[in-house]
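Remarks on the overall topology
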Amino acid sequence: MNPLPAIKAFIIVLVMGCNTVHSEEQDRSGDMGTEKKKIEIKELKGYFPKNTITFDDNYNFKHLAVTSQEEFDQYFGVSKTMQNKIDKVNFTKNSVIAIMTKPSNISKEIKPVYYEFDSGNLFILYHIREGSVNSYKSTALYLATIPKSVSTITFKSRYNIQIMKVE
C-alpha cells in the first residue's frame with residue numbers, strides 16, 4: 001500500500017485548517033475596529049521636558065494631558081537642531097498627552113503598544129524599555145496629539161495604571 005496519497009491528503013487538510021484559523025483572526029480584529037471609533041494619535045517630535053517638572057517620589061514616571069499652548073510651554077521646550085523639524089500643535093482641535101520618566105542615568109525609551117478610543121475614553125498601553133548606563137541624566141519623553149473629543153485617558157504600562165480627566 002502506498003502511503004503517499006494519505007500524506008498528501010493530510011497536508012491538504014492541515015493547510016486548509018491553517019487558512020481557516022487565519023481568516024477567523026482577521027474577522028475578530030475587523031470587528032474590534034467597527035465597535036470602537038478610530039482616532040489619530042500623532043507623535044510630536046522636537047521637544048524636551050523642562051527640568052522644572054516635578055515627579056512624585058514613589059513613581060519613576062509622569063503622565064500629563066495638556067489642553068493649551070500656555071500649559072504646554074510651561075512643561076516643554078523646543079529642541080531645535082539644524083536637521084530636525086518641530087511639529088506644531090493646533091490646540092483648537094487637539095490636546096497633547098505626555099508620558100515621561102524621572103531623570104536617570106539609565107537611558108529609557110517609551111513606546112506606545114496599543115491604543116483604543118470609545119465614547120470619549122482613550123486607553124493607551126505603553127512600554128518603557130531600559131538601555132545602557134550613561135554618565136549623565138536624561139528624561140525619556142513620549143508626546144502625542146489627541147483629538148479634543150477625548151475626555152478621559154487611561155494610561156497603562158506593565159507596572160502601573162492611571163486614569164486622568166482631560167480638562
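Residues numbered from 1 in each chain as written. Predicted model: local features only at pLDDT ≥ 70, side-chain atom pairs only at ≥ 80, totals over all residues. Heavy atoms only, no water.

What follows deals with the pairing of strand β8 (residues 141–147). Looking down a regular strand, the side chains alternate between one sheet face and the other. β8 sits mainly inside the fold: six of its seven residues count as buried. Note: strand β1 (residues 42–43) against β8, two bridges, orientation antiparallel. Across the sheet, residue Glu43 finds its bridge partner in β8, namely Ala144. Judged from the seven bridges that link them, strand β5 (residues 94–101) and β8 form a sheet pairing that is antiparallel. Bridge pairing links Ala98 to Leu143 in β8. (Buried < 20%, exposed > 50% of the residue type's maximum accessible area, 1.4 Å probe, protein only. Helix = DSSP H or I, 4+ residues; strand = E, 2+ residues; numbered from the N terminus. Pairing = 2+ DSSP bridges.)

Here we take up the confidence of the model for the chain. Looking at the chain as a whole, its pLDDT mean stands at 81, while 78% of the residues score no less than 70. pLDDT under 50 marks residues 8–35. Its contacts with residues more than four places away, or in other chains, come to four contacts. (pLDDT = per-residue confidence, 0-100. Contact = heavy atoms within 4.5 Å.)

What the four strands build is an open sheet, ordered β6-β7-β9-β10; its pairing is mixed. Edge positions in the sheet fall to β6 (104–118) and β10 (161–165), since each of these pairs with one other strand and no more. Taking each pair of neighbouring strands and ignoring which way they run, the sheet shows an average axis angle of 25°. Relative to strand β7 (residues 121–138), β6 is paired through twelve bridges, and the arrangement is antiparallel. The partner of Tyr114 across the bridge, within β7, is Leu125. (Axes fitted to C-alpha atoms, helices over the stretch in contact; angles between N-to-C directions.)

Looking at where Ile39 falls in the secondary structure, it is placed in the loop between α1 (4–35) and β1. When its relative accessible area of 13% is taken as the criterion, Ile39 is described as buried. Residues Ile39 and Asp118 lie 79 residues apart in sequence; the distance between their C-alpha atoms is 9.6 Å. The contact partners of Ile39, leaving out residues within four places of it in the chain, are Tyr115, Phe117, Leu122, Pro147 and Val150.

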